[in-house]
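Residue strings, one per chain:
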Amino acid sequence: AWDAAQHLANTVGFIHAVPYQIIVDYLERPDGAIKALALGDVYLRNLSTFTPEDIETISDLLIADHALGQAMSDLLSMLSKTHYAPISYGRVAESIARLVAPSEKPKSMWSTTRNELKVSEGFLRQLTDVSTDPRHGTRTPVSAASNRRLSEMSWRLMDRYLHYRLKNGDLADDKFPILTE
């Protein structure tokens, strides 16, 4: 239903050149009861190692670093845009790699990212491989189970990168084991 409503809004938006967005903030149950609805994922929230006390610190990073702010936007877009998650995975991984090694060529950029963030090649490859087709216009369906696993991996990668930034690149302690698939 959300997809159909968004397609209608996109049609009108195209004609008017206005990016209308559908907002579903409640639902009506068959018995007539109204229930508030908020998009979100408690499972992903519980993966984060940050707390509300970190909001100002992380906000300062996002405000000061446009590219990081955009990567965070891509990450959260997988929760608010249906079917966007596969695109998000690759964009988040690649954005973080470019943040870790901005002046390096792709092959060395990925190697540096793996070393600096303590992430396996397979972990990053899964995020980028699943996003290749949809980022290039081929909307290949991804199963709910795969989306759950890949969403978790993207979330953990962003969490790891934020720690990397806040610790000035020092992820040496035992709190940061290698992220593997």
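Everything discussed here concerns the structure shown above.
Residues numbered from 1 in each chain as written. Predicted model: local features only at pLDDT ≥ 70, side-chain atom pairs only at ≥ 80, totals over all residues. Heavy atoms only, no water.

Inspection of the secondary structure assignment puts Glu53 in the loop between helix H2 (42–47) and helix H3 (55–64). Of the polar contacts made by the side chain of Glu53, one reaches the side chain of Thr51; its length is 2.7 Å. (Helix = DSSP H or I, 4+ residues; strand = E, 2+ residues; numbered from the N terminus. Polar contact = N/O pair within 3.5 Å; in protein donor to acceptor, adjacent residues only side chain to side chain.)

Moving on, we get to the side chain of Ser131. In this fold, Ser131 is placed in helix H7 (residues 121–135). At 2.9 Å, the side chain of Ser131 forms a polar contact with the side chain of Arg135. Here Ser131 is in contact with Pro86, Ile87 and Gly90, once residues within four sequence places are set aside. (Contact = heavy atoms within 4.5 Å.)

Once that is clear, we can look at the pattern of salt bridges. Applying the stated criterion across every chain, the model contains seven salt bridges. Residue Arg91 is joined to Asp74 by a salt bridge in which the shortest nitrogen-to-oxygen separation is 3.0 Å. Here the residue Arg91 occupies a position in helix H5 (residues 85–100), and Asp74 occupies one in helix H4 (residues 66–80), the gap between them amounting to 17 residues. Between Arg125 and Glu121 there is a salt bridge, with its nearest N and O atoms 2.6 Å apart. Of the two residues, Arg125 and Glu121 are both situated in helix H7; the distance of four residues between them amounts to about one turn of the helix. Via salt bridges that share partners, Glu94, Arg98 and Arg135 belong to a single interconnected network. (Salt bridge = Lys/Arg side-chain N within 4 Å of Asp/Glu carboxyl O.)

So, about the packing of aromatic side chains. Scanning the entire structure with this criterion turns up one aromatic pair. Over the ring of Tyr84 we find Lys81, and its NZ or CZ is 5.0 Å from the ring centre. (Phe/Tyr/Trp six-rings, centres within 6.5 Å; stacked < 30°, edge-to-face > 60°. Lys NZ or Arg CZ within 6 Å of the ring centre and 35° of its normal.)

Estimated volume of the largest pocket: approximately 640 Å³. In terms of lining residues, the largest pocket is bounded by 28 residues, among which Met78, Leu79, Lys81, Thr82 and His83 are the most central. Elements that contribute at least two residues to the lining of the largest pocket include exactly H4, H5 and helix H8 (144–166). Looking at the lining of the largest pocket, the element that brings in the most residues is H8, giving four residues. Of the residues in the lining of the largest pocket, the class split is 17 nonpolar, seven polar and four charged. If you add up the space inside the second largest pocket, you get close to 400 Å³. Together, 16 residues line the second largest pocket, and Ser48, Phe50, Ile58, Met72 and Trp155 are the ones closest to its centre. Those elements giving two or more residues to the lining of the second largest pocket turn out to be H3, H4 and H8. Of the residues forming the lining of the second largest pocket, the biggest block, four residues, is contributed by H8. Partitioned by chemical class, the residues of the lining of the second largest pocket number eleven nonpolar, two polar and three charged. (1 Å grid on protein atoms, 1.4 Å probe; cavity = no way out; pocket = protein on both sides within 12 Å on 5 of 7 lines; lining within 4 Å. Points joined across faces, edges and corners; volume = space filled by probe spheres on them. Nonpolar A, V, L, I, M, F, W, Y, C, P; charged D, E, K, R; others polar.)

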